[in-house]
Amino acid sequence: MDDQTISSRKQQIIRAIILEYIEGAEPISSDLIANKYDLGVRSATIRNEMAEITDLGFLDQPHTSAGRIPSDQGYRYFVDHLLLLGKPNQEEKRTLKTATRDEETLRDLVQETTKALSRMTKLMTAAVTVRDAKVRIRNAIVTALGPDRALFILVLENGHTENRIIDCPSGLTLDQIGLVNETLQNSLAGHPLGDVPKIKPASLGHPTAQQLLNNSLNALRTTAKDLTRGHLIVEGEEYVLSQPEFQRETTTLNQIIDSLADEDAVREEISSFKAENQITIGRENSVEPHYPLTFIRRTFKVANQDAGVIAIIGPTRMNYSRNLGLLDYTAESITDVLTKLFHPNL
């Protein structure tokens, strides 16, 4: 609905009710709004305005005698038309910068940043790295760990690194390991992950080296399959479950517990969104178990290439202003660090 169709006073009331409900998680009365906000009208007038706003679909009335709470539509109107975007303070910026300071892989960097963001917002945070099959391989190498084990290392152009322990055939020489690494580099470098199932290097002519190459390719295919699904990092589920509105409703709480345990559904909800709608509120989410929640997402990059999505997940009654400001800063910080780490000349 166009904000021009809503009077200035109704906008003030919608904003006041949402801010108060974010703070207290209890239905908001007209008396509270009249006493706390200088709207220039009496409580009875505000009560009538609240009834009209409810008829428009922006407020709900949980009980006949209770005050009002925002609806999903009300939160959407607030975010689209009334929100004043917050900015992290210096202490919050330092905390997020510290989380990214000493990490040298994409996963570690995102893990630490997601953890810091969860503690800061007191909400669940999550990230999905490497969202699609277009990300290209930078290199892949094998290094011996002992007589019967080797480490397969895959590095992508967006900075993501994966390690896998593989079997090492007996009698393997350093020259044969070098041959395998040369073959991996020549066969894989520059190829997107989606090409991995079709990559078939030429036979090496050495049975032992061939076995190591085969083991490496098996590890590569398994890793590529996992990565094209998106690696999910989750922190702070307990913050969501402790929210008062969920604690009061056992059925809703159990639904959320089950929905957050479904990693595939969480991964899909975070990574499948339209660029113009990075915030989904309540029933805007794709599956019913996520209806009590809001997902706020931002993409982070390495240079100009998407490296993943980071999200804040909480009740629809969340502090949108502060959380959006923190998430914007976090995504920008991750992008800056990854770009400097993997493209230092840019």
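Further up the page is the structure itself.
Residues numbered from 1 in each chain as written. Predicted model: local features only at pLDDT ≥ 70, side-chain atom pairs only at ≥ 80, totals over all residues. Heavy atoms only, no water.

Caption draft 1: Geometry of the sheet that holds strand β9 (residues 293–302). Read from one edge to the other, the open sheet built from five strands follows the order β7-β3-β10-β9-β8, with strand pairing classed as antiparallel. In the strand order of this sheet, the two ends are held by β7 (231–235) and β8 (279–281), each with one partner. Along the sheet, successive strands turn relative to each other by an average axial angle of 15 degrees, direction set aside. Where β9 and strand β10 (residues 305–315) come together, 10 bridges link them in antiparallel fashion. Directly across from Leu 293, in β10, lies its bridge partner Pro 315. Where helix α6 (residues 106–121) meets the sheet, its contacts fall on β3 (124–129), β7, β9 and β10, and the angle it forms with β3 comes to roughly 160 degrees. (Pairing = 2+ DSSP bridges. Helix = DSSP H or I, 4+ residues; strand = E, 2+ residues; numbered from the N terminus. Axes fitted to C-alpha atoms, helices over the stretch in contact; angles between N-to-C directions. Contact = heavy atoms within 4.5 Å.)

Caption draft 2: Summary view of a negative patch on the surface. Taken together, the side chains of Glu 237, Glu 238, Asp 262 and Glu 263 make up a negatively charged region of the molecular surface. Within the element layout of this structure, Glu 237 appears in helix α9 (residues 237–241). (Patch = residues over 30% accessible without salt bridge, like charges linked within 9 Å, V, L, I, M, F, W, Y side chains within 5 Å. Areas by Shrake-Rupley, 256 points an atom, 1.4 Å probe, with all protein chains shown as cover. Salt bridge = Lys/Arg side-chain N within 4 Å of Asp/Glu carboxyl O. Lys, Arg positive; Asp, Glu negative; His and termini not counted. Charge placed at Lys NZ, Arg CZ, Asp CG, Glu CD.)

Caption draft 3: Up close: the nonpolar core. Ile 14, Ile 310, Tyr 320 and Leu 338 are the most contacted members of the largest nonpolar core, which has 51 residues in total. No other element matches the nine residues that helix α13 (residues 320–342) contributes to this core. Tyr 320 has contacts with Tyr 75, Phe 78, Val 79, Leu 83, Ile 279, Ile 281, Thr 294 and Ile 296, leaving out every residue within four places of it along the chain. Residues Ile 137, Phe 152, Leu 156 and Ala 209 belong to the second largest nonpolar core, which totals 27 residues. (Core = buried A, V, L, I, M, F, W, Y, C linked by side-chain atoms within 4.5 Å. Buried < 20%, exposed > 50% of the residue type's maximum accessible area, 1.4 Å probe, protein only.)

Caption draft 4: View of the packing of aromatic side chains. Counted under the stated rule, the structure contains three aromatic pairs. Relative to Tyr 320, the ring of Phe 78 lies with its centre 6.5 Å away and its plane at 65 degrees, an arrangement referred to as edge-to-face. Of this pair, Phe 78 sits in helix α4 (residues 72–82) while Tyr 320 sits in helix α13; the two residues are 242 residues apart in sequence, bridging distant segments of the chain. Assessed through its relative accessible area of 3%, Phe 78 is described here as buried. (Phe/Tyr/Trp six-rings, centres within 6.5 Å; stacked < 30°, edge-to-face > 60°.)

Caption draft 5: Inspection of helix α5 (residues 90–101) at higher detail. Its 12 residues give α5 an end-to-end C-alpha distance of 16 Å, which sits within 8% of 16 Å, the value for a rise of 1.5 Å per residue. Buried within α5 we find Glu 92, Leu 96, Ala 99 and Thr 100. End-on, the buried residues of α5 take up no more than an arc of 95 degrees, which puts them together on one face. Seen from the buried face of α5, the exposed residues on the opposite side, beyond 90 degrees, are Gln 90, Glu 91, Arg 94 and Arg 101. Buried residues in α5 make contact with α6 and α13. The N-terminus of α5 is capped by Asn 89, whose side-chain oxygen sits 3.1 Å from the backbone nitrogen of Glu 91. (Expected span 1.5 Å × (residues − 1). Arc of directions from axis to C-beta. Polar contact = N/O pair within 3.5 Å; in protein donor to acceptor, adjacent residues only side chain to side chain.)

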